[in-house]
Amino acid sequence: SVDASGKLILPDEINGKKITDINENTFKNCNRLVKIILPSSLQSIGDWAFSYCSRLKEITLPNQVSRIGDCAFYMCKNLMSITFSENLANIGANAFSCCYALENINLPSSLKIIGRGAFSACEHISGDIEIPEGVTKIEDGAFSGCRQISGITIPDSVVSIGEEAFNGCYALRQLSVDENNAHYK
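For every chain, the first residue of its written sequence is number 1, and the numbers climb from 1 along that sequence. Selection of residues for local features in this predicted model requires a pLDDT of at least 70, selection of side-chain atom pairs for listing and counting requires 80 or more, and totals for whole chains, interfaces and linings are taken over all residues. The side-chain figures draw on all heavy atoms in the structure; neither hydrogens nor water molecules are used.

I would appreciate a short explanation of the packing of aromatic side chains in the present structure.
In this description, an aromatic ring pair is defined by two values, namely the gap between the centres and the angle between the planes. Classification of ring pairs uses Phe, Tyr and Trp, with its six-membered ring standing for Trp, and accepts pairs whose centres are within 6.5 Å; under 30 degrees between planes counts as stacked, over 60 as edge-to-face, and the remaining range as tilted. In the structure shown here, the tally under the stated rule is 11 aromatic pairs. With a centroid separation of 5.4 Å and an interplanar angle of 5 degrees, the aromatic rings of F96 and F119 are classed as stacked. Here F96 is found in the loop between β10 (90–91) and β11 (113–114), whereas its partner F119 is found in the loop between β11 and β12 (126–130), with 23 residues between them in sequence. The buried label applies to any residue whose accessible area, calculated with a 1.4 Å probe on protein chains only, is under 20% of its type's maximum; exposed applies above 50%, and partly exposed to all values in between. The class of F96 is buried, set by a relative accessible area of 0%. Between the aromatic rings of F143 and F166, the centroid separation amounts to 5.8 Å while the plane-to-plane angle is 15 degrees, which identifies the pairing as stacked. Secondary structure counts use DSSP, requiring at least four H or I residues in a row for a helix and at least two E residues in a row for a strand, with both numbered from the N terminus.

Following this line, the structure appears as structure tokens:
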């Protein structure tokens, strides 16, 4: 259970079974949760798993996590820090949408897909965003409403950028596309 400080530690095993997934809606609306320590065995975070955890401030994803489901951290309005897994391949639709306090993101080199609206309305993400080599899709509205992003670097691996992917990025001053990208020159 969540302790008095708002911290929850999930074990690697429960009744001899490894925890590999956090199912959809598992911690939805858990307003006492400030920090969670996830098990090293974790591989996937389900849809809406931590949505509306309004006091959650930070999360570190274990290195085996390859998928973050749709709306997994939606409306975690005090989430300031996320450390991504080194094996993360897919960030689902609206996974971090409306995480208003989120300031910086460092996307892992393993990433392939940034889902629709994944970081939409994350008003405090600032500075330059480097999309890692290997990402093939940046879906519709992925960074829409990220008002303080000043630069975006697109690698040659990106073959698809969705509609309004960077809509409302009012501070955006530089969009760099790798010269070897055959799709966006």
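What exactly am I supposed to notice about the sheet that holds strand β6 (residues 44–45) here?
To summarise the sheet geometry, strands pair through backbone hydrogen bonds and adopt either a parallel or an antiparallel arrangement. Two strands make a pair as long as DSSP finds a minimum of two bridges between them. Across the sheet, which stays open at both edges, the 7 strands sit in the order β4-β6-β8-β10-β11-β13-β15 with parallel pairing between neighbours. Either end of the sheet is taken by a strand with one partner, and the two such strands are β4 (21–22) and β15 (160–161). Sheet topology places β10 next to β11; 2 bridges connect them, and they run parallel. If you follow I91 over to β11, its bridge partner there is I114.

Looking at this structure, how should I read the environment of F27?
When you line up the elements, F27 lands in the loop between β4 and β5 (35–37). Residue classification places F27 among the buried residues on the basis of a relative accessible area of 14%. The sequence separation of F27 and C53 amounts to 26 residues, and the corresponding C-alpha distance is 7.5 Å. Those residues within four positions of F27 in sequence are excluded, and the remaining contacts are L8, L10, I22, I36, A49, F50, S51 and C53. Here, two residues are considered to be in contact whenever any of their heavy atoms come within 4.5 Å of each other.

Sorry if this is basic, but what is going on with the nonpolar core here?
The nonpolar side chains of soluble globular proteins are, as a tendency, buried together. In terms of nonpolar packing, the biggest core is built from 54 residues, with F119 and F143 touching the most fellow members. Excluding its chain neighbours within four sequence positions, the residues that come into contact with F143 are I105, L107, I114, F119, I129, I131, I138, I149, A165, F166, N167 and C169. Joining through side-chain atoms within 4.5 Å is the link that ties buried Ala, Val, Leu, Ile, Met, Phe, Trp, Tyr and Cys residues into a set, and such a set is a nonpolar core.

Help me understand unusual backbone geometry in this model?
Within the chain, N25 stands out as a residue other than glycine whose phi angle is a positive 65 degrees. Within the fold, N25 resides in the loop between β4 and β5.

How should the pattern of salt bridges be read in this particular structure?
Side-chain pairing between opposite charges can occur once the charged atoms of the two side chains come close. A carboxyl oxygen of Asp or Glu within 4 Å of a side-chain nitrogen of Lys or Arg is what we treat as a salt bridge. As enumerated under the stated definition, the model contains 4 salt bridges in all. Notably, a salt bridge pairs E58 with K35, separated by 3.8 Å at the nearest N-O pair. Here the residue E58 occupies a position in strand β7 (residues 58–60), and K35 occupies one in strand β5, the gap between them amounting to 23 residues. The exposure class of E58 is partly exposed, given its relative accessible area of 34%.

Help me understand the side chain of S54, please; the structure alone is not making it clear to me.
Turning to its location among the elements, S54 is positioned in the loop between β6 and β7. Of the residues examined, S54 reaches a relative accessible area of 18% and is grouped as buried.

Teacher, can you tell me more about the sheet that holds β12 here?
Strand order in this open sheet of 3 strands is β12-β14-β16, and the pairing throughout is parallel. If you trace the sheet from one side to the other, it starts and ends with β12 and β16 (174–177), each paired once. Taken over all neighbouring pairs, the strand axes of this sheet differ in orientation by 15 degrees on average, direction set aside. Pairing analysis gives 5 bridges linking β12 to strand β14 (residues 148–154), with the strands arranged parallel. Looking at the pairing, I129 lines up with I152 of β14. All axes here are fitted lines through C-alpha atoms, helices being fitted over the stretch that makes contact, and every angle between N-to-C directions spans 0 to 180 degrees.

Could you clarify how one ought to interpret the side chain of S144 in this entry?
Here S144 lies in the loop between β13 (137–138) and β14. The exposure class assigned to S144 is buried, which follows from its relative accessible area of 18%. Apart from residues no more than four positions distant in its own chain, S144 is found in contact with F119, S120, A121, E164, A165 and N167.

I tried to follow the pairing of β14 on my own but got confused; where do I start?
Two faces make up the sheet, and in a regular strand the side chains alternate between them. Sheet topology places β14 next to β16; 4 bridges connect them, and they run parallel. Its bridge partner lying in β16, G151 is registered against Q174.

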